[in-house]
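Structural description and commentary
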Amino acid sequence: SRIPAQNSAISDFSVFAQDDWRVKENINLNFGLRWDADFAPKIEGAAAAANLSSLNASAQMRDNLKNFAPRAAFAFDPFRDGRISIRASAGLFYDFGNSAASVAFSDSYPFASGRFARNLSLTASPTNNFTPLSLFAAKLQTPRMWKFLTEYRQEIFDGNFVSISYQAAFGRDLFLTRSLFNADPNFTLVRLTNNEGSSDYHALNAIYEKRLSQRFSVAARYTLAKSVDNFSPDDGSFRQTVHGSQI
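Residues numbered from 1 in each chain as written. Predicted model: local features only at pLDDT ≥ 70, side-chain atom pairs only at ≥ 80, totals over all residues. Heavy atoms only, no water.

1. Remarks on empty space enclosed by the protein
Basically, it comes down to this: Here a cavity denotes a set of grid points, spaced 1 Å apart and computed over the protein atoms alone, in which a 1.4 Å probe fits but from which it cannot get out, and a pocket denotes an open set meeting protein on both sides within 12 Å along at least five of seven lines; residues with an atom within 4 Å of a point are reported as lining. Grid points are joined across faces, edges and corners, and a volume is the space filled by probe spheres set on the points. Each residue gets one of three labels, nonpolar for Ala, Val, Leu, Ile, Met, Phe, Trp, Tyr, Cys and Pro, charged for Asp, Glu, Lys and Arg, and polar for the others, Gly among them.
Under the counting rule described, the total for this entry stands at 2 cavities of 30 Å³ or more. Approximately 30 Å³ is the volume attributed to the second largest cavity. What lines the second largest cavity is Asp38, Met61, Arg62, Asn64, Leu140, Gln141, Thr142 and Phe175. In terms of residue class, the lining of the second largest cavity is made up of 3 nonpolar, 3 polar and 2 charged.

2. As for the pairing of strand S4 (residues 64–76)
What counts here: Two strands form a pair only when DSSP identifies at least two bridges running between them. Strands are runs of DSSP state E lasting at least 2 residues, helices are runs of H or I lasting at least 4, and numbering of each runs from the N terminus.
Examined bridge by bridge, strand S2 (residues 27–39) and S4 share 11 bridges and lie antiparallel to one another. Its bridge partner being in S4, Asn28 is matched across the sheet by Ala75. Summarising the sheet, S4 and strand S5 (residues 84–94) pair through 6 bridges and their orientation is antiparallel. The partner of Ala75 across the bridge, within S5, is Arg87.

3. Here's the deal with unusual backbone geometry
As a reminder, the rule being used: Relative accessibility thresholds used throughout: buried, under 20% of the residue-type maximum; exposed, over 50%; partly exposed, between the two (1.4 Å probe, protein chains only).
Positive phi values are uncommon outside glycine, yet Arg80 reaches one of about 55 degrees. Note on placement: Arg80 falls in the loop between S4 and S5. The residue Asp173 is not glycine, and still its phi comes out positive at about 55 degrees. Positionally, Asp173 belongs in strand S10 (residues 160–184). Here Asp173 falls in the partly exposed class, since its relative accessible area comes to 28%.

4. Concerning the environment of Val218
How we decide: When checking whether two residues touch, look at their non-hydrogen atoms; a contact exists if any pair is within 4.5 Å.
Looking at the secondary structure, you find Val218 in strand S12 (residues 217–229). Sequence separation of Val218 and Tyr208 is 10 residues, and the distance between their C-alpha atoms is 8.5 Å. Val218 has contacts with Tyr208, Glu209, Lys210 and Leu212, leaving out every residue within four places of it along the chain.

Below, the structure written as structure tokens:
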């Protein structure tokens, strides 16, 4: 069963500043700083829903207002003829926790509850309480990712270009939600979201481009990549089930 629909809103606020600086005729620099204010939705009744101190968690996700993301890039033309360019960039990016917070409005106490039956006939009445609860780590941070790019591009002869680039992305403090069964006598299922997720990505790209006209070109690309993380669900969610966990 579910209580009537709730009025809720998820608010995010961002400010970005950027400056381009032409150091020399053949050297361009770019700097940027972004501030992402991650306001967690306020859930009525969340504060009284549960206080599982042994998990160091709360039913209310915290606000994160210190998400400052610097960005920097440069472009270099070593021979000042436009035939060779060297570029590099680096930046920090944040991912708001809207999806994880939204779960609490649709699939958590006090918004959802019910009863179920085990090992009984299909016509038997449900006898056991089913009360799910979504919790968030007390010091939950906004997930972040560092991205890096370096590229060498050269026009080998008129209208023909080759480029070699390296890309890397490092995800840190990513959301990981664990489903804990029998974790508390008052809640049949506890979903705990924390920052235990992480990921690393590396890629080497080789591109050949043939410019046929000012508006048309063809290209061939080869990418050699490697991705490593500590949790990769097939369904696109961020949940991991832990059976029989006890507080």
